[in-house]
Structure formats: structure tokens, C-alpha cells
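Per-entry structural report
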Amino acid sequence: MVKRLIDKIANRKRLGFIIAFILLLTSLVLTFISNQRMVKQASLLDHTNKIIQTLQRTAIEASKSESAARAFVMNRDSALITEVRQKQLNAKQALEELSHYFKYNTLQQKNLEELNKLIETRFSLEDELLTAFTVNGTNNLPVIADIMKKGKEFMKRIEEQTIKMKDQEEEVSYSRSQSVSQYSDIINILDIVSVFLAVLLTGYSVMTYNKENSDKKLAAERAKIFREELENRVKQLADLNKELIELRGLEKYAVTGRIARTIAHEVRNPLTNINLSVEQLKSEMGESDSTTIFFDMIKRNSERINILVSDLLNATRVEELKFKEISINDVLDASLELAADRIGLKQIKVIKNYDPEMCKISIDVEKVKIAFLNMIVNAIEAMEDKKGELKISTENLENKCVVKISDNGVGMDQTHMDRLFEPYFTTKENGNGLGLANCQNIILGHGGNVTAESTLGVGTTFIISFKFPESIENEKPSTSNEIEG
């Protein structure tokens, strides 16, 4: 349901943008078309204005030709003949231009033909006038006067024909001017519409952006809340898993202790009977070279079995501890001093990263010193000579004193890691497999916990945690609350 609503809103937004875009595009296309038509009409209007100017120039040149011819008759200046010829030539050139302009105008072509005939006749009369006056002078005044009279009449007809053609072109010019004005108005309207659509689209975009930004922030806030809840749940699961691992370790330790006590009871009783029987045989048979060897062998192996059983019991027995408040940093330094010979012999580099503000903890110093020494020795033996780095750190983590002892040795695979603290499990040739089991016994006896992390070919890290004394542990939450508050 929610998905459908979101899709519906999204479709409406897309439809709104598409419609606004189409309207704006249509407005721009219409503006472009109108502008092109206005340019075309403006070009035609300019063409019409050129025609009118050329018609005026034709009439003016014809009039100037007539004036020059009259001036020649009155002044008898031969230079005016050249002027007459030049004005006639100018008029003919103007007529040629008009012929080009009226190439596609049938009506004006007919008017132009009429105008051309009138001008040709007018120029013929001027030529007759000039010839008659040049040959006969003032002796043939009636002929000259008649020619001038006819020329004046044709000049009048030329002006009338020119005015007629100008009027027609001015009508066309007015019509085109109206078209240009109309297209200009259309473009203005389209510009206004385009601006309105642009403002509308901008407003719609801003509203959409604000809405989506608000929804995005809300979604981000919800995602943040969900993420925090998920992180808290993951953390809770991690803590529960950690507690479960600790409980399994304690259960495993307890089971191992029970098995060890059972084995010790079941083994020592027959072992006692064997020792008594050997003593009885020695007293009855007496000692000889052959019997002494066998009796000593039985006694030696019996003692070895007894020692192994005792070590197993010691590794799983909860001993009475002598607690003392001390800085864990001092205990680690004391353990390092006990291993100083081994460290110097293999030229191991020791890197200490102690928390200087670490609170004191209540422990059996000698027991914990033995546990730390055992782990340090294991780390030293796992590293190569002159290349080893032993890193020891302490920190207050979640109201617990955490110690990390790391090496860059050979490391272990997961199979060895799963059996690391089992009694009699060892990867060393001469080891008995009780050292780390004894370390775990000591740490668990203090209410602490010990785990290990290892990567084959990289190294191993032992992580030991102790609880702070009760008074300090009660003080820690109040301090945390003050900081949070």
C-alpha cells in the first residue's frame, strides 16, 4: 500500500515536470517560428522600401535629365549635354534595378513596362530637342517649343506612373509592417508565457525539492534510528555471545576439573597398590641386579604417573588466593623481568603501551605473575630470533581491566585455537600441555577471563580481563552518568 502511494506520488511529479517541459518547449518553438517569420517580413519590408527608393530615384533622375536639357536650350552650354546623358543613364540603371525587384511581381512588371516606355519616349524627345537646337539653333523655335511641350506632358505621366507604383508598394509595405507588428506582439506574448512557465516550473521544482529533501531527511533520521537500534542489538548479541563463550569456558573448566579429580582418584588407588606390591616383592625376593632394574623402572614410572596426575589436579584445582590491590602495570613489568633472560637471548623488541591512569585491581600477585610469565614465554618461543616484537598493552574497557599480550610469531590455525586451553594439548616438542590450562585456571579463579586471537603467519594475541574491586566498580557508572549528563 505504501509502495503504491509512493509510486503514485512519484508518477505525478514526473508527469508535472513533463507537462511543464512540453509547454515551455512549445512556447520556445512558437517563439522561434514567430521570430523567423518576423525576420522574413522585415526582409520583405526592406525589399519594398528599396523599391520605393529606386522608384523615387528613377523619377528624380528623369526630372534632372529634363532640367539639364532645358538648361542647355537656355544657356547653350555644351557641358550640359553630358549631364543629360548621365542622368538618362542613371534612370535606365534604376529601371534595371526595378526589373530585378519585380521579377516575381506580375502587376508591377506591367507597370514597369509602362514606365519604361514613358521614360524611353521622354528621353527620345530630349534627344530630338538637343539635336534640333544643336543643328538649327534658335531658327526653329516652333519645333523646339513643341518638343518641350510634349516632353513636359510625358514627364507628368512619368511622375503619375511612378506615384502609382509607389502607392502600390506602400500598400504592400503597410501590410508587411502590420505583419511584423503582429509577429512582434506574438513574440512578446510568447516571451511572457515562457517566463510564466519558467517561474512556474522553478516554483514547482523548488517545492518538489523541498518536499523530497524533507522526506529524505526524515528517511535518513529513521534510518539512523534503525541503524542505532541494529547496532545496539548487534552489540547486545556480541555481549551475550561473549558471555556465552565465557560460560562455556567455565563449564569446560569445571568439567575438566571433575574429570581430572575422577581420573586422579581412579589412577592413584591402583598406583598405590602397585607400589605396595613392589615393596612386598622386594622384601620377599630380595634385591639382585636383574630385579633391581625392574623394580626401579616400576617405581620411576609410577612416580611419573603420580606427578602427571598432580599437575592435572593443580591445573584444574581452585586454590586459595591471597588478594592484594596492585597496579596491573607493575605486575606485567615484574613478569617481564622474570623473562628478561629469554627476551635478551632472542633479542626480542618489547613494546609497552600501558594506560597510566589504570586503577588498581585486587589479585593474587604471585599467581597472576606466573600466568603472565607463561603467556610471555609462549609468545617469545613463537617468534624468530632478532625479528620478534612483543607488544603488551593495558586499558580500561567497559569497566574492566584488559591486558593484551601480542607477538608476531607463527600464529595458529582455527583447529589449534579451539583446543588452546585444553590440558595436555601442546604444539611444542617438549611441552606437557598444562601451562595455558594453568593460566586459564588462575585467571578464572580471579573471576576474570582469558581468550586468544591468532592468524597463521601473522601472530597471536592473548586478551586477559579482570574486574575492578567492588568499590571502584560501583563508582564507575556514576562517573559515566555525570559525563553523559
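It should be emphasised that the depicted structure is a prediction, and the values quoted were computed from it without experimental measurement. (Residues numbered from 1 in each chain as written. Predicted model: local features only at pLDDT ≥ 70, side-chain atom pairs only at ≥ 80, totals over all residues. Heavy atoms only, no water.)

Thoughts on the sheet that holds strand β5 (residues 400-406)
Heads up, the rule is: Being paired, for any two strands, means DSSP has found at least two bridges between them. The numbering of helices and of strands both runs from the N terminus, where a helix is a DSSP run of H or I of at least 4 residues and a strand a run of E of at least 2. Axis lines are fitted to C-alpha atoms, over the contacting stretch for helices. Their N-to-C directions set the angle, which ranges from 0 to 180 degrees. By the convention used here, residues are in contact when the closest approach between their heavy atoms is within 4.5 Å.
Read across the sheet, 5 strands follow the order β2-β4-β5-β7-β6 without closing on themselves; strand pairing throughout is mixed. With one partner strand each, in any of the chains shown, β2 (349-353) and β6 (449-455) form the two edges of the open sheet. Across the sheet, the axes of successive neighbouring strands diverge by a mean angle of 15°, strand direction being ignored. The pairing of β6 with strand β7 (residues 459-467) spans 7 bridges and is antiparallel. Looking at β7, one finds that Thr451 is bridged to Ile463. Sitting on the sheet, helix α8 (residues 365-382) is in contact with β4 (389-397), β5, β6 and β7, with an inclination near 170° to β7. This element, helix α10 (residues 435-445), spans β6 and β7 of the sheet and lies at about 25° to β7.

Considerations on the pattern of salt bridges
Defined as follows: Every case where a carboxyl oxygen of Asp or Glu lies within 4 Å of a side-chain nitrogen of Lys or Arg is listed as a salt bridge. Residue burial is assigned from relative accessible area. The probe radius is 1.4 Å, only protein chains are included, and a residue is buried under 20% of its type maximum, exposed over 50%, and partly exposed in between.
Taken as a whole and judged by the stated rule, the model has 9 salt bridges. As a salt-bridge pair, Lys50 and Asp46 come within 3.6 Å of each other at their nearest N and O atoms. One end of the pair is Lys50 and the other is Asp46, both in helix α1 (residues 2-75) and 4 residues apart, which spans about a single turn. Of the residues examined, Asp46 reaches a relative accessible area of 39% and is grouped as partly exposed. Residue Lys369 pairs with Glu366 through a salt bridge whose shortest N-O separation is 3.4 Å.

Notes on helix α6 (residues 328-338)
Let me state the cut-off plainly: The directions considered for the arc run from the helix axis to the C-beta atoms.
Three or more residues of α6 are buried, namely Ile328, Asn329, Val331, Leu332, Ser335 and Leu336. End-on view of α6: buried residues confined to an arc of 160°, all on one side of the axis. Relative to its buried face, α6 has exposed residues pointing more than 90 degrees away, namely Glu337 and Leu338.

Brief notes about a nonpolar patch on the surface
So the rule is basically this: Residues enter patches when they are more than 30% accessible in relative terms and free of salt bridges; like-charged ones are connected within 9 Å and nonpolar ones (Val, Leu, Ile, Met, Phe, Trp, Tyr) within 5 Å. Each accessible area value is a Shrake-Rupley result obtained with a 1.4 Å probe; residue values ignore everything except the protein chains displayed when judging cover.
Taken together, the side chains of Ile18, Phe21, Ile22, Leu25, Val29, Leu30, Phe32 and Ile33 make up a nonpolar region of the molecular surface, amounting to roughly 730 Å² of accessible area. Along the chain, Leu25 turns up in helix α1.

What to know about the confidence of the model for the chain
The cut-off we apply is this: Confidence scores per residue from the predictor, reported as pLDDT, run from 0 to 100.
For the chain, per-residue confidence averages 78 on the pLDDT scale, and 82% of positions sit at 70 or higher. Overall, residues 471-485 carries pLDDT values under 50, and its contacts beyond four positions in sequence, including any with other chains, amount to 6 contacts.

Observations concerning unusual backbone geometry
For Gln347, which is not glycine, the phi torsion reads 55° and is therefore positive. Relative to the assigned elements, Gln347 resides in the loop between α7 (340-346) and β2. For Lys386, which is not glycine, the phi torsion reads 65° and is therefore positive. With respect to the secondary-structure elements, Lys386 resides in the loop between α8 and β4. In this structure Lys386 comes out as exposed when scored by relative accessible area, which is 65%.

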